[in-house]
Amino acid sequence: MLKIIASPTKVEAVGTPPKTILEFIGHVNSSTSALSIAKMSSPPGWSEPGQVPDFDEFTVVLRGSLRVESRQGERYVAHDIAAGQAVIAPAGEWVRYSSPSPTGAEYIAVCLPAFTPATVHRDEEHPE
């Protein structure tokens, strides 16, 4: 049966300064576990801890620039993803998101399966 999503639900975000997460589809807003779709708005200077999630994350940057850090062997590599670009972060790989640009970032994140706090595995929860 067709399910209309009338509006997103604001979800608490991790990182400082706080970013806004509006979940359209996922555990919170639609009781969907197969995937989640959220619109993120991160202010200039926002950053969050690194993570090793159990889900693939597909991110499309709509405005500004999003920094995505990854590990390549023992090195950390920063990738700046501009408006109109996208990035795929595979499950099981360390990644860290931030928006150091003066414009911040607005982006859509799709997680497969859906994001949950229990499956994101942030650095402070599981230090190396």
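Residues numbered from 1 in each chain as written. Predicted model: local features only at pLDDT ≥ 70, side-chain atom pairs only at ≥ 80, totals over all residues. Heavy atoms only, no water.

1. So, the overall build of the protein chain
Then, number 1: Per the secondary structure count, the protein chain includes one helix and nine strands.
Then, number 2: Reading the protein chain from its N end, one meets helices and strands in the order β-β-α-β-β-β-β-β-β-β.
Then, number 3: For 128 residues, the compact-globule estimate of 2.2 N^0.38 gives 14 Å, and the C-alpha radius of gyration of the protein chain, at 14 Å, lies within 12% of that figure.
Then, number 4: Its C-alpha atoms give the protein chain principal-axis dimensions of roughly 50 × 30 × 25 Å.
Then, number 5: Going through the 128 residues of the protein chain one by one, you find that 34% of them count as buried.
Then, number 6: Contacts in the protein chain between residues at least 24 apart in sequence constitute 68% of all its contacts with a sequence separation of at least 6.
Then, number 7: Surface exposure of the protein chain reaches about 7,100 Å², of which carbon and sulfur atoms provide 60%. (Helix = DSSP H or I, 4+ residues; strand = E, 2+ residues; numbered from the N terminus. Rg over C-alpha atoms; globule rule 2.2 N^0.38 Å. Buried < 20%, exposed > 50% of the residue type's maximum accessible area, 1.4 Å probe, protein only. Contact = heavy atoms within 4.5 Å. Areas by Shrake-Rupley, 256 points an atom, 1.4 Å probe, with all protein chains shown as cover.)

2. So, the layout of surface pockets
Then, number 1: Computed from the structure, the largest pocket encloses a volume of approximately 440 Å³.
Then, number 2: Looking at the lining of the largest pocket, the elements that each hand over two or more residues are β2 (20-25), α1 (27-30), β3 (36-42) and β9 (105-112).
Then, number 3: A breakdown of the residues in the lining of the largest pocket according to their chemical character gives 15 nonpolar, four polar and seven charged. (1 Å grid on protein atoms, 1.4 Å probe; cavity = no way out; pocket = protein on both sides within 12 Å on 5 of 7 lines; lining within 4 Å. Points joined across faces, edges and corners; volume = space filled by probe spheres on them. Nonpolar A, V, L, I, M, F, W, Y, C, P; charged D, E, K, R; others polar.)

3. Observations regarding the pairing of strand β7 (residues 86-89)
Then, number 1: Covered by surrounding structure in β7 are Val87 and Ala89 only, the residues Ala86 and Ile88 on the alternate face being uncovered.
Then, number 2: As paired strands, strand β5 (residues 56-72) and β7 are joined by four bridges and run antiparallel to one another. Each residue of the ladder has a partner; that of Val60, found in β7, is Ala86. (Pairing = 2+ DSSP bridges.)

Keep in mind that these numbers describe shape and distance, not what the molecule does.
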